[in-house]
Amino acid sequence: MKAVIPLGDDAADLATAGGKGASLAKLAAAGLPVPGGFHITTEAYRAFVASFLEELLRAVTDDPDLIPPLFTGHDVPGEIAEEIVRAYEALGDDVPVAVRSSATAEDLPELSFAGQQDTYLNIRGDALLDAVKRCWASLWNPRAIAYRDQNGVPHDDVALAVVVQALVDADAAGIMFTANPITGARDETVVNASWGLGEAVVGGQVSPDTIVVSGGVVTESRTGDKQVMTVRTDDGTEERPVPEDKRDAPVLDEEEALELAGLGTRIQDLYGTPMDVEWARHEGSFAILQARPITGLKPPLEEWNDSLKGEYLWTGGNLGEAIPDVMTPITWSFVRLFIEEAMSASALPGFDLVGNIGGRFYMNLSVVYSVAGALGMRGRLGAVEQVFGKLPPGLDVPMVKVSRWQIIKRVVPMAVHIRRRVRDNLKNMSTFLAESPRRCEELRERIAKVETGAELAGLWEREILPLLVTSSRMLEAAGRQGGATLVYTRQRLRRMMGEVAAEGMLTGVNNDGELASMGPVLGLARLARGEITRDEFARSYGHRGPHEFEISIPRPGEDPEWIDAQLAGLRDLTDDTEALLERQGKAREQAWAVFAQHYPGKEGGMRARVRRWNAVVRDRESARSENMRAFWVLRAFVLRAGELTGAGDDVFHLYLPELLALLRGDREALEKAPSRRATYERYAALPPYPALIVGHFDPVRWAADPDRRADVYDARGAAVPVDDTVTGFPGAPGVVEGIARVISGPDDGDRLKPGEILVTTLTNVGWTPMFPRAAAVVTDMGAPLSHASIVARELGIPAVVGTRNATMRLRDGDRIRVDGERGTVELLESQDHAKSAVPEAGV
């Protein structure tokens with residue numbers, strides 16, 4: 001039996017020297033400045049307790065008060081005592097030492113056991129053996145017993161080694177974390193420092209200095225009010241007041257802080273993980289007293305931020321309205337695939353047409369404006385506004401740094417290719433729309449029956465990926481057919497008939513076939529009347545919802561509570577959806593009658609144009625609906641992958657190639673899931689970012705700014721004027737006065753009462769069930785061809801969209817007037833004023 005081994009001995013492993021001892025041995029062997037000393041092994045401890053171990057274990061449960069006498073009543077065996085004394089004498093003449101406990105379940109990455117066992121400082125000569133026995137006994141103090149019980153560590157599995165080291169007569173000491181223990185930042189070293197020995201810092205009796213080092217420089221330094229210090233005395237240590245002239249004086253200068261951080265880097269590199277390090281300083285030299293992995297450290301965060309790629313103008317409009325959530329990595333993978341097929345121009349060499357900024361989807365308008373300029377189409381940028389919304393006055397659009405010739409050289413061949421692909425896909429549109437629901441339902445059923453990961457990966461390659469590609473290409477074809485028809489038919493009618501009549505004439509999309517974005521609200525009405533069952537509703541409309549792109553969120557067809565909540569919202573309606581459509585139908589025909597009077601002989605031709613408009617809108621909305629049905633298949637695929645691999649919802653935090661590798665047996669990427677999950681949660685906790693972003697954008701810093709703007713962020717410092725008025729696109733005509741209900745998300749939709757005005761950042765098809773309750777709709781984002789505009793027009797609900805600032809300027813409960821013809825919102829009475837006008841009780 002080896003009762004004592006040198007501090008840096010190769011045999012000083014966890015089982016022999018305990019966690020603390022093994023760590024010190026590793027540091028010493030690596031040449032780090034560790035005070036000299038030796039280990040008293042776990043074998044020595046076991047030899048000491050062998051004669052009373054059974055009594056000890058019984059006392060743990062029967063009467064813990066019997067434990068201390070068991071240790072004080074036994075002497076250290078003679079041979080062991082002699083070895084300890086010889087090792088101590090080898091350190092020098094009457095050397096003061098630190099005697100530290102080192103348990104076999106201590107200083108582990110998962111469990112630190114910090115502070116559970118005891119340490120004794122400034123021990124000399126004959127007091128050493130007694131200090132060793134007290135260390136051994138501390139394995140059984142109430143704190144240590146409770147900690148083991150809490151963490152499921154069996155009592156008979158642990159043993160205690162003791163580390164004896166020359167005591168550093170420290171003039172300063174503290175703790176160093178090689179990663180920020182608060183934020184989890186791996187690029188920051190945090191140093192706590194105080195006067196005297198380190199016990200006051202470790203024990204929390206003092207407010208130490210805090211120094212943050214990052215990138216080789218001190219980035220932050222706070223001097224603490226250091227009132228207490230631990231010092232050596234003739235018979236041990238004691239706490240003394242810090243001299244007045246030192247209380248507010250910094251313990252370390254910048255050079256010392258950087259030197260200490262350098263030691264921290266060496267220690268972290270040695271262990272391969274962020275470390276919690278105890279250190280001391282004596283006469284300008286540093287010593288490392290202890291090092292253990294930081295437990296409970298937040299996972300390292302990734303940065304998802306394509307705004308760093310250059311000085312571009314990014315917009316969250318249009319597709320950003322359809323994809324309103326912070327995306328998990330697997331969702332971003334699928335969205336990228338979708339974009340590559342549904343928006344072929346995104347593959348334009350040298351351009352980043354879409355991006356991920358803080359997990360949210362953005363499109364690069366700098367590319368759009370640059371291409372328009374190169375092709376001599378700046379005069380047609382009004383059509384872009386109809387899709388993406390207006391830019392605020394004074395916002396200068398940065399252009400991509402590519403020559404006009406290079407743009408033409410890249411764009412023209414792609415435009416020809418897209419034109420051919422759209423033409424070919426349109427030929428199969430009707431067949432695709434007819435067969436897609438059955439194909440998706442069958443594929444989801446087959447996914448559920450797959451038994452192995454490899455089989456599921458094969459199904460992805462053979463059928464699931466082709467489904468996504470086809471549905472995305474069909475959406476591209478539907479969106480590109482008659483694009484000019486959508487914009488210019490509307491403009492022509494407005495010139496001929498005025499805003500109100502033109503918008504009325506363009507409604508009725510639902511007449512010749514169901515408008516897919518109206519499907520959920522019409523389906524709910526039919527369900528409420530008992531005309532269809534819940535299963536029929538789920539099959540037809542269960543894939544549509546406010547979060548329909550996000551793979552990690554259940555679809556309405558999977559969530560009975562969602563259906564119940566929407567049905568509840570229909571009960572108090574004065575006019576149901578069909579009544580609203582009927583009323584709008586009468587207004588439409590009256591407008592056509594006026595048209596016939598004003599333009600004799602032109603009604604037939606214009607009706608044909610409007611029918612073409614309606615057909616284009618219907619095809620576009622139907623193709624979008626089937627694309628979302630394909631995304632429901634993708635969700636089924638990912639969920640099944642989590643089940644078959646045992647990875648659960650960690651699969652949402654993998655990218656597609658990693659998920660496919662996992663299905664084939666490679667689990668390496670799962671190590672990144674905690675970090676990705678933490679990154680996702682950090683971004684998801686932030687408020688929605690500005691609709692327009694120019695240049696480098698830091699979502700976290702922006703969210704922390706009390707003066708942040710939700711409409712535009714310009715990193716160039718350009719001052720885009722703040723608009724105190726609320727104006728936007730005329731989305732759907734009509735004038736309404738009522739109470740504003742500012743809704744942050746569709747999950748709060750039950751707050752909207754019948755007759756109130758819905759005010760929100762954006763809407764998509766998941767918001768449609770709220771529309772029949774709304775007297776009007778006002779949005780920050782949107783354009784005349786956005787979801788809110790189309791559905792509001794069909795239902796005859798006034799709407800103003802793309803205001804950029806409605807949710808900034810209007811408060812919940814304000815009384816407002818919405819003019820959907822002029823695109824204005826007027827504040828009639830603020831909620832704050834209404835409250836102040838109410839007399840106090842008893843006055």
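Here, the structure is the one placed above.
Residues numbered from 1 in each chain as written. Predicted model: local features only at pLDDT ≥ 70, side-chain atom pairs only at ≥ 80, totals over all residues. Heavy atoms only, no water.

S.K.: For this particular structure, what's the right way to read the sheet that holds strand β20 (residues 729–732)?
M.R.: Hydrogen bonds between backbone groups are what pair the strands of a sheet, and the pairing can be parallel or antiparallel. Read across the sheet, eight strands follow the order β19-β26-β25-β21-β22-β23-β24-β20 without closing on themselves; strand pairing throughout is mixed. At either end of the open sheet lies a strand with only one pairing partner, and these are β19 (726–727) and β20. Of the pairings in the sheet, the one linking β20 to strand β24 (residues 799–801) comprises three bridges and is antiparallel in character. Considered in β24, the bridge of A732 is made with A799. (Pairing = 2+ DSSP bridges. Helix = DSSP H or I, 4+ residues; strand = E, 2+ residues; numbered from the N terminus.)

S.K.: For this particular structure, what's the right way to read a nonpolar patch on the surface?
M.R.: Where nonpolar side chains cluster on the molecular surface, the patch consists of L375, M377, V412 and V416 and spans about 280 Å² of accessible area. Position of V412 relative to the elements: it lies in helix α15 (residues 404–427). (Patch = residues over 30% accessible without salt bridge, like charges linked within 9 Å, V, L, I, M, F, W, Y side chains within 5 Å. Areas by Shrake-Rupley, 256 points an atom, 1.4 Å probe, with all protein chains shown as cover. Salt bridge = Lys/Arg side-chain N within 4 Å of Asp/Glu carboxyl O.)

S.K.: I tried to follow the packing of aromatic side chains on my own but got confused; where do I start?
M.R.: To describe a pair of aromatic rings, one takes the distance between the centres and the angle between the planes. Scanning the entire structure with this criterion turns up 20 aromatic pairs. A ring pair is formed by W592 and F595, whose centres lie 5.6 Å apart and whose planes are at 75°; its orientation type is edge-to-face. On the criterion of helical spacing, the pair formed by W592 and F595 is a turn pair, its members being three residues apart in helix α23 (residues 577–598). When its relative accessible area of 3% is taken as the criterion, W592 is described as buried. Taking 5.1 Å as the distance between ring centres and 40° as the angle between the ring planes, the aromatic pair formed by F595 and Y599 counts as tilted. Given a relative accessible area of 0%, F595 falls into the buried group. Among the aromatic side chains, those forming a connected cluster through ring pairs are Y45, F48, F52, F71 and W136. Between K390 and the ring centre of F729, over which it is positioned, the NZ or CZ distance is 4.9 Å. When the ring centre of Y683 is taken as reference, the NZ or CZ atom of R682 above it lies at 4.8 Å. (Phe/Tyr/Trp six-rings, centres within 6.5 Å; stacked < 30°, edge-to-face > 60°. Buried < 20%, exposed > 50% of the residue type's maximum accessible area, 1.4 Å probe, protein only. Lys NZ or Arg CZ within 6 Å of the ring centre and 35° of its normal.)

S.K.: Honestly, the pattern of salt bridges in this entry has me stumped. Any pointers?
M.R.: A side chain with one charge can pair with a side chain of the opposite charge if their charged atoms come near. On inspection of all chains with the given rule, the structure shows 47 salt bridges. Across the salt bridge formed by D424 and R423, the nearest N and O atoms sit 3.7 Å from each other. The partly exposed category is assigned to D424, whose relative accessible area is 36%. Where R607 meets E603, a salt bridge forms, and the shortest distance between an N and an O atom there is 2.8 Å. Of the two residues, R607 and E603 both sit in helix α24 (residues 603–645), four residues apart, roughly one turn of that helix. Judged by its relative accessible area of 23%, R607 is partly exposed. A cluster of three or more residues bridged by salt bridges with shared partners is formed by E302, E658, K672 and R676.

S.K.: Quick question: what am I supposed to make of the nonpolar core here?
M.R.: Counting residues in hydrophobic clusters, the biggest one holds 96 residues, and the most contacted among them are F334, F361 and F637. Setting aside chain neighbours within four positions, we find F637 in contact with F334, I447, L456, W460, I464, L656, L659, L660 and L663. In terms of nonpolar packing, the next biggest core, distinct from the first, is built from 42 residues, A3, V4, F71 and V95 among them. (Core = buried A, V, L, I, M, F, W, Y, C linked by side-chain atoms within 4.5 Å. Contact = heavy atoms within 4.5 Å.)

S.K.: Would you mind going over the sheet that holds strand β6 (residues 172–177) with me for this structure?
M.R.: The six strands are arranged β9-β8-β7-β6-β12-β13 in an open sheet whose pairing can be described as antiparallel. On the outer flanks of this sheet lie β9 (217–222) and β13 (285–293), each paired with one strand and no other. Within this sheet the neighbouring strands show an average axis-to-axis angle of 20°, counted without direction. Where β6 and strand β12 (residues 275–282) come together, six bridges link them in antiparallel fashion. The residue of β12 that forms the bridge with A173 is A280. On top of the sheet, helix α10 (residues 254–271) reaches β6, β7 (189–195), β8 (209–214), β9, β12 and β13; it is set at about 40° to β13, its chief contact. (Axes fitted to C-alpha atoms, helices over the stretch in contact; angles between N-to-C directions.)

In short, geometric facts, not functional conclusions.
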